[in-house]
Amino acid sequence: HVKTQGKGEIAVYDADFDQGRLRRLAIEAQIGKGLNRSEFEVFYQPVVDADTGRMVSVEALIRWPGRPEGALMPDQFIEIAEATGQIHPLGLFVLERACRDLAPLIDIKLSVNVSPAQFRDPAFERQVAHVLDQTRFPPARLQFEITEGYLLAHPERAIRAVEAFKATGMSVALDDFGTGFTSIHYLRSYGFSHIKIDKSLLVGLSPGSKATMLVTGAISLACGLDMRVIAEGVETETQAELLRAAGCHELQGYLFGRPMPIADLIALCREQFATEPGQRDHRLAG
Ligand code: C2E
Ligand code: MG
Ligand code: MG
Ligand code: MG
C-alpha cells in the first residue's frame, strides 16, 4: 500500500505492522477485561525426582481459556502484559491463586514464573509477603523462576532481590537456561538454588550426540556451583534416561504430566500417596 502525506510526498504503508499493532491493542484491552471477569486460570505441571519418579513440585502456568476466539497461550499474551504493565495484577493473581490451590498439598513445592518487570518493582517484595501471609503458604515451599534478560541488564539489583527472597526461606531458579547469554561469572554471583535447562537443549538427545555432551556439561557446571538441575520439556524415555545418567536431579515434561487444573493435580497426588502406605494421611491436609 502507498499513502500520500501531502505535498506529493509518498510513504510506504506497512499493512503487516498495523495488523500486528491492532492485534496487540485488542489483546491489551481484553487482558484488562479478562482480569475483571476472572477469565484467567492457573494450571500445574508436575516436576518429578529423577531417581524415584515421585512428584516433588509443580510449576504454575497461566491459562486463558473460554474466550470466544479460543484459548490464548502465555507466549501470545505475557509479552503484551509485560509491555503494558498488566503483568503486575496478572502475576499477583497467579501467585495468590497458586498459593491457595497448593496450600493443602503439604509435600509439594510450588514454582511460579516471575517477569523481570515484577522482579524490579519495589512493591513486589511486600506484595509477596502479603500473599504468603494471607494464604498461610510457607515460604520454604515457594520458588520463583526468572529468566536471564533482567539479570544481565541489572545485575546488582537482581542479586539483591534474589538474596532478599532467599532470606525469607524461598528459593529462586534460573529459567530457560541455555537460551541466553548467562556467563559462568553471573551464574556464580547469583544465589540460584536451581537452574532449569530449556527444552530446546533436549532436542537431539541420543547416546553420544553433541546435544548430550552439551547438556551433560551444563549439568556438571551447575552441580559444581551447588545448584540443583531441572530439565524441562522431557518427552521421551530416552531423554529421561540420558538426563538421569548425566546427573540431572529433577525432570519436567509431557512424559510425566501435562499442565493440568488443580482438581486433576489433587487426584494425581492422591494416587501417588496411595502407593506409599502410611504416608497418605498427613500429606493431604484439609
Ligand atoms: P516456561 O516457564 O519455560 O514454562 C515451560 C513451558 O514449557 C510451558 O509452556 C509448558 O507447558 C511447556 N512444556 C512443559 N513440558 C513440555 C514438553 O514436554 N514439551 C513441550 N513442547 N512443552 C512443554 P506454557 O505454559 O505455554 O508457558 C510458556 C511460557 O510463558 C513459560 O515458559 C513462561 O515463560 C511464561 N509463563 C507462563 N505462565 C506464566 C506466569 O504466570 N507468569 C509469567 N511471568 N510468565 C508465565
Ligand atoms: Mg518457568
Ligand atoms: Mg522454562
Ligand atoms: Mg520459556
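Residues numbered from 1 in each chain as written. Chains lettered and ligands numbered in written order. Predicted model: local features only at pLDDT ≥ 70, side-chain atom pairs only at ≥ 80, totals over all residues. Heavy atoms only, no water.

A. The overall build of the protein, seen in detail. From N to C terminus, the protein includes twelve helices and ten strands. Considering the protein as a whole, with its 286 residues, one finds that 43% of them fall into the buried category. The contacts of the protein with a sequence gap of at least 6 include a subset with a gap of at least 24, amounting to 66%. Per element, the accessible surface of the protein, about 14900 Å² overall, is 54% carbon and sulfur. (Helix = DSSP H or I, 4+ residues; strand = E, 2+ residues; numbered from the N terminus. Buried < 20%, exposed > 50% of the residue type's maximum accessible area, 1.4 Å probe, protein only. Contact = heavy atoms within 4.5 Å. Areas by Shrake-Rupley, 256 points an atom, 1.4 Å probe, with all protein chains shown as cover.)

B. Highlighting helix H10 (residues 237–245). Those residues of H10 lying buried are Gln239, Ala240, Leu242 and Leu243. Each buried residue of H10 sits inside an arc of 170 degrees when the element is viewed along its axis, so together they form one side. Of the residues trailing H10, Gly247 is marked for its positive phi of about 95 degrees. (Arc of directions from axis to C-beta.)

C. Quick peek at unusual backbone geometry. In this model, Asp176 sits at a positive phi of 55 degrees, which is unusual for a non-glycine residue. Within the secondary structure layout, Asp176 lies in strand S7 (residues 171–177). We classify Asp176 as partly exposed; its relative accessible area is 24%. The phi dihedral of Asp226 is positive, around 65 degrees, even though this residue is not glycine. With respect to the helices and strands, Asp226 occurs in the loop between helix H9 (210–224) and strand S9 (228–232). Under the relative-accessibility criterion, Asp226 is labelled exposed at 72%.

D. Representation of the coordination of the magnesium ion (ligand 3) within the structure. Those protein atoms acting as donors to the magnesium ion (ligand 3) are Asp175 (OD), Asp176 (OD) and Glu232 (OE), and they sit at 1.8 to 2.3 Å. Here the donor residues of the magnesium ion (ligand 3) share one chain and are spaced in sequence as D-D-x55-E. A gap of 4.0 Å separates the magnesium ion (ligand 3) and the magnesium ion (ligand 2), which Asp175 links by coordinating each metal. Within this pair, whereas Asp175 is found in strand S7, its partner Glu232 is found in strand S9, the two being separated by 57 residues in sequence. For the pair formed by Asp175 and Glu232, the shared burial category is buried. (Donors = N, O, S within 2.8 Å, 3.2 Å for Na, K, Ca; no water.)

E. Focus on the pairing of strand S4 (residues 55–63). Among the nine residues of S4, eight are classified as buried, and the element is accordingly described as predominantly covered. Two strands pair when backbone bridges link them, and strand S3 (residues 41–49) and S4 are joined in this way by eight bridges, in the antiparallel orientation. If you follow Val48 over to S4, its bridge partner there is Met55. Linking S3 back to S4 in an antiparallel pair, the connection comprises five residues, with Gly53 at a positive phi of about 75 degrees. (Pairing = 2+ DSSP bridges.)

F. Quick peek at the packing of aromatic side chains. Scanning the entire structure with this criterion turns up eight aromatic pairs. Ring geometry for Phe124 and Phe144: centres 5.6 Å apart, planes at 35 degrees, overall tilted. Remark: Phe144 occurs in strand S6 (residues 142–146) and Phe124 occurs in helix H5 (residues 124–135); sequence separation between them is 20 residues. Of the two residues, Phe124 and Phe144, neither departs from the other in class, the shared state being buried. Through a chain of ring-to-ring contacts, three or more aromatic side chains come together here, namely Phe119, Phe124, Phe144 and Phe165. (Phe/Tyr/Trp six-rings, centres within 6.5 Å; stacked < 30°, edge-to-face > 60°.)

G. Quick look at the environment of Glu39. With respect to the secondary-structure elements, Glu39 resides in the loop between helix H1 (15–36) and S3. The spatial distance from the C-alpha of Glu39 to the C-alpha of Arg67 is 8.1 Å, given a sequence separation of 28 residues. Setting aside residues no more than four positions away along its own chain, Glu39 makes contact with Gly34, Arg63, Trp64, Pro65 and Arg67. At a separation of 3.0 Å, a polar atom in the side chain of Glu39 contacts the side chain of Trp64. (Polar contact = N/O pair within 3.5 Å; in protein donor to acceptor, adjacent residues only side chain to side chain.)

H. Layout of the pattern of salt bridges. Applying the stated rule across the entire model yields seven salt bridges. Between Lys196 and Glu59 there is a salt bridge, and its shortest N-O distance comes to 3.0 Å. With Lys196 in strand S8 (residues 194–197) and Glu59 in strand S4, the pair connects residues that are 137 residues apart, well separated along the chain. Each of Glu59, Glu145, Lys196 and Glu232 takes part in one network of salt bridges that share partners. (Salt bridge = Lys/Arg side-chain N within 4 Å of Asp/Glu carboxyl O.)

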